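One letter stands for each residue in the lines below.
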Amino acid sequence: MQKILNYINGEYVEPISKKWLDNYNPSNGEVYSQIANSNAEDIENAYQAAKVAFPKWSNTTIDERSRILLKIADLIDEKLVELAEAEAKDNGKPLSLALAVDIPRASANFRFFGNAITQFSSEAHESVGLNTMNFTLRQPLGVVGCISPWNLPLYLFTWKIAPAIAAGNTVVAKPSEVTPMTAFLLGEICSEAGLPKGVLNIVHGTGPSAGQAIVEHKNIKAISFTGGTKTGEHIARTAAPMFKKLSLELGGKNPNLIFADCNYEKMLEVTVRSSFANQGQICLCGSRIFVEKPIYKKFKKDFVEKVKQLKIGNPFDAETNIGALVSKSHLEKVESYIKIAEKEGGKILFGGNRVTVKDFENGYYLEPTIIEVSDDQCRVNQEEIFGPVVTIMPFETEEEALQMANSVKYGLSSTLWTSDLNRTMRISKKIEAGIVWVNTWLNRDLRTPFGGMKDSGVGREGGFEALRFFTEAKNVCIRYEG
Ligand code: NAD
């Protein structure tokens, strides 16, 4: 059976303990590879490799760093099909989605930061009258840690690694143990692109073992983490006493506010996608849908009709819209929320059941599920489910819609459907979310700040925000005789 090895100092190596974890294919429930079950010793080896590589890499010219990042991007593009197939098999997502979104975005991350680093600059402040000139040196931090989740495996892994190495850091990175395959393949691509040994080290294993060892390592200077809010809280508690820099991208429970004056057809089409793309397992999916009363009845009927047409199937079938959930335990967690909804008096308008897919009978398939709720404080409306489950509910006024949108502990993204510019501005200012999409969803310009408010995280990724995170600002104040 294939072994998913660690990539340390430019070489593929077994975990020191020789222990392995089973890796499942969610589309058929079978174990198809073995993952290195690494611990603190493997992390130490990765750290040592990164430490040795740092002085040279941080002094490598911007042009050369940029050239290597762009080469990695090109190689990812060349291997699009191989990587997309690996992602679909490892994660359960439709191959069509991995081909169109996940892998192109992974190469875009390297291409974007390969270019961005050539444009990155810092400030200068002349203190007129004091005869001093200040300028900000932005230097790489050293060895940094990157930890990512399973929902967009290569996409989110590279979203951290690319700015970290572009800025001159060296990295110890851990992908999710649930979906390690494309991170494993990335090692080979980096070697082929000429990334010097030790600049990127990829260590596999569980959160409590390999992940915890990265966070606890006293010489790993910063942690860029994407994952659940509970894990983020634990990481913050562990890292704060060491004064590490932290970027935490956490959970969400994103609202869609749909007003009667919107472009209805466009809204309907996009809302189906924003609800169920990637089986609802995107932190940015709109899982709470609030609809203005005059169009509520029509929306309810049309939305159910459209969702009924989605084809649930094995990820490799080109017709499939909804693939498998990522794991058996996640499927069970999502199902448990459907039961909670029923207990709480929610009305299942569509879905709620497992699906058996021909020739993939043991896969983790679930119908897209629409639940009508009457109280926005119910658990299915407050807690992150992270699956193909949305709630819908009517509202009467803009104030009521805003109040319900903001009455959760999360604040990641939000989507607003309206053609009223004044309302767009009013709501954009008042809504508690790091991202407001208006008449669109998942539209991303990689230069923009990305991140959440409240329990959805701390810090921003994207563009120069990420390059600032991965550098230390040092003010140099020079006095001159005038
Ligand atoms: P998770 O928190 O369980 O795991 C994320 C990563 O953290 C994994 O690599 C895991 O091994 C590691 N980890 C777990 N415990 C750790 C520890 N003690 N120390 C260090 N690392 C540890 O999350 P998940 O289930 O993989 O992903 C789903 C969650 O991610 C959802 O809550 C989703 O909203 C969130 N998410 C957020 C964003 C965003 O940009 N805000 C994007 C995608 C996913």
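A few points on the structure. (Residues numbered from 1 in each chain as written. Predicted model: local features only at pLDDT ≥ 70, side-chain atom pairs only at ≥ 80, totals over all residues. Heavy atoms only, no water.)

1. Let's talk about the environment of Glu-78
Considering the arrangement of structural elements, one finds Glu-78 in helix H2 (residues 62–78). Overall, Glu-78 belongs to the exposed group, its relative accessible area being 61%. (Helix = DSSP H or I, 4+ residues; strand = E, 2+ residues; numbered from the N terminus. Buried < 20%, exposed > 50% of the residue type's maximum accessible area, 1.4 Å probe, protein only.)

2. Things to note about the pattern of salt bridges
In the structure shown here, the tally under the stated rule is 27 salt bridges. The shortest N-O distance in the salt bridge between Asp-74 and Arg-111 comes to 2.9 Å. With Asp-74 in helix H2 and Arg-111 in helix H4 (residues 95–119), the pair connects residues that are 37 residues apart, well separated along the chain. On the basis of relative accessibility, which here comes to 38%, the residue Asp-74 falls in the partly exposed class. Classification of Arg-111 by relative accessible area gives partly exposed; the value is 27%. Where Glu-372 meets Lys-300, a salt bridge forms, and the shortest distance between an N and an O atom there is 3.0 Å. You can see Glu-372 sitting in strand E16 (residues 369–372) and its partner Lys-300 sitting in helix H10 (residues 293–308), a full 72 residues away along the chain. On the accessibility criterion, Glu-372 (15% relative accessible area) is buried. On the basis of relative accessibility, which here comes to 23%, the residue Lys-300 falls in the partly exposed class. When salt bridges with common partners are traced through the structure, they connect Asp-261, Glu-398, Arg-423 and Arg-426 into a single cluster. (Salt bridge = Lys/Arg side-chain N within 4 Å of Asp/Glu carboxyl O.)

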